[in-house]
Amino acid sequence: MIFLIKKFKGYLKFSAKGKNLYKFINSLHKSRIYCFNQYCKDDVFYGEIYKKNKALIELIAKRYDITLDFYEYPTLSSYAFRYKLRYGIAAGILISVITCFYFSNTVMTIEINGNKKVDDKVILSVLKECGLEKGTFLSNIDYGKCERQLRICNDDISWSAIRHTGNRIVVDINERVESPDMSRTRIPCNIIADKSAQITSTSVFCGQLMRIVGDYVRKGDLIVSGVYCDAHGHTIKAHSMGNITGIYEEEISFIQPLTDTTASIGRIKKRNYLNLFSLKIPLFIGKNKFENYSVETNTHYFSFLNKTLPIGITDNKICETVYSDTQYTKEEAEKIIMEKIFMYEKNFLSDKKILERKISQSIQNNELHFDVTYSLEGEIGVKRDIFVK
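None of these values were measured; they are calculated from a predicted model.

Peer 1: Help me understand the sheet that holds strand 15 (residues 241-257), please; the structure alone is not making it clear to me.
Peer 2: Within a sheet, adjacent strands bond to each other through the backbone by hydrogen bonds, running parallel or antiparallel. Here we have 5 strands laid out as an open sheet, ordered 11-9-15-21-20, and antiparallel in their pairing. If you trace the sheet from one side to the other, it starts and ends with strand 11 (216-217) and strand 20 (353-364), each paired once. Inspection of the sheet shows strand 15 paired to strand 21 (residues 367-379) by 13 bridges, in the antiparallel sense. Pairing of Ser253 across the sheet is with Asp371, part of strand 21.

Put into structure tokens, the structure is as follows:
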């Protein structure tokens, strides 16, 4: 108890020495000054008094020509008195209290559990429309509304629940289980020609072959029928299966202007932003004066104790786009078109066999035209369902 009193009240420990020491002690007792922990050692009197009695004990000591030495205990009141004019400490304490209150009642992180098909960004955008994002006060969140909106805005979400632990929001998601894909292998179908071609090979696993190798077929002609009669005269409706290949022609045109407008990168500027929750505070002065430009954005968030904070830096790299007219010679334009032809064959004709390639070129309206006629061998049969009652 005495220890707590010393911490909150001003206490002084003193030592007194002189010729009239005992008269000083008797006068101290008669003045009813509360003095404790008194003892004498080597003609020196020690004791402890309240700080408020210091002036009175000094007056008594002066009367009896006593020398006093004081020692003040470190107490809360002494600290407060010592730093009473240092407003920065008070401001720091106030800011710390406000900061603790703010961060303990504000959404700092949003965790999403249970989603595989639905992207986190989609869920966060829906929550943002409902007023739930980093920096939102917990008391302003309508959890029921957010849960309903998640299910309404995305058909892949069958159930959702939102809870908070401290300043952390946890979103639990259950996604809809897709019904199994019902096999269509039993549905009756024909195989028809997808292109006008000459049949080069047939391999039928199910159904009745209506054309033979060497026959010419037009687009839409029946090649394998899913309706046929067996040896006993019964009509059978089957799901036709087989591989039908043929030789056919395909035409494609490629165009390259002899005067073309090309884009290149000019000047480059960097702009940084401070991300504070949902706020973006610019860390630069001035505006972007580029007429045409592209922006590359990269955001780095700070972390503390392996937790990502909603505070970070966004780096924007602004690249000016400069347009200029380029003149091509006929040889340069041909080279560009041949590269386009190569990429076309690589992307669209890789599963087919190129038997022949005929190229005719012409210049029209300052443009070089390449008309390419391919002779190809590849799959020409496609399945078409038979609709029966």
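Here the narrative resumes.
Peer 1: Just to check I follow, could you spell out the pattern of salt bridges for this structure?
Peer 2: Throughout the structure, instances matching the rule amount to 8 salt bridges. In this structure, Asp194 engages Lys195 in a salt bridge whose closest nitrogen and oxygen atoms are separated by 3.2 Å. On the basis of relative accessible area, Asp194 is assigned to the partly exposed category, the value being 28%. With a shortest N-O distance of 2.6 Å, Lys330 and Glu334 are connected by a salt bridge. A residue pair is termed a helical-turn pair when its members lie 3 or 4 positions apart in one helix, as Lys330 and Glu334 do in helix 8 (residues 330-348) at 4 residues. Judged by its relative accessible area of 35%, Lys330 is partly exposed.

Peer 1: Can you help me understand unusual backbone geometry in this one?
Peer 2: Excluding glycine, most residues fall at negative phi; most peptide bonds, likewise, are trans. If you check the backbone angles, Asp43 has positive phi at about 60° while not being a glycine. As for its position among the elements, Asp43 is in the loop between strand 2 (36-41) and strand 3 (44-50). By relative accessible area, Asp43 is classed as exposed at 63%. In this structure, Asn365 takes a positive phi of about 50° despite not being glycine. Within the element layout of this structure, Asn365 appears in the loop between strand 20 and strand 21. Classification of Asn365 by relative accessible area gives exposed; the value is 75%.

Peer 1: Before we go on, may I ask you to explain the nonpolar core in this structure?
Peer 2: Nonpolar side chains in soluble globular proteins tend to end up buried together. In this structure, Ile223, Ile244, Phe254, Ile341, Tyr374 and Ile380 are the most contacted members of the largest nonpolar core, which totals 22 residues. Sorting the residues of this core by element identifies strand 8 (189-193), strand 9 (197-206), strand 12 (222-225), strand 15, helix 8 and strand 21 as the ones contributing at least two each. No other element matches the 5 residues that strand 21 contributes to this core. Apart from the residues within four sequence positions on either side, Ile341 is in contact with Phe254, Ile359, Phe370, Val372 and Tyr374.

How each quantity is defined
Residues numbered from 1 in each chain as written. Predicted model: local features only at pLDDT ≥ 70, side-chain atom pairs only at ≥ 80, totals over all residues. Heavy atoms only, no water. Pairing = 2+ DSSP bridges. Helix = DSSP H or I, 4+ residues; strand = E, 2+ residues; numbered from the N terminus. Salt bridge = Lys/Arg side-chain N within 4 Å of Asp/Glu carboxyl O. Buried < 20%, exposed > 50% of the residue type's maximum accessible area, 1.4 Å probe, protein only. Core = buried A, V, L, I, M, F, W, Y, C linked by side-chain atoms within 4.5 Å. Contact = heavy atoms within 4.5 Å.

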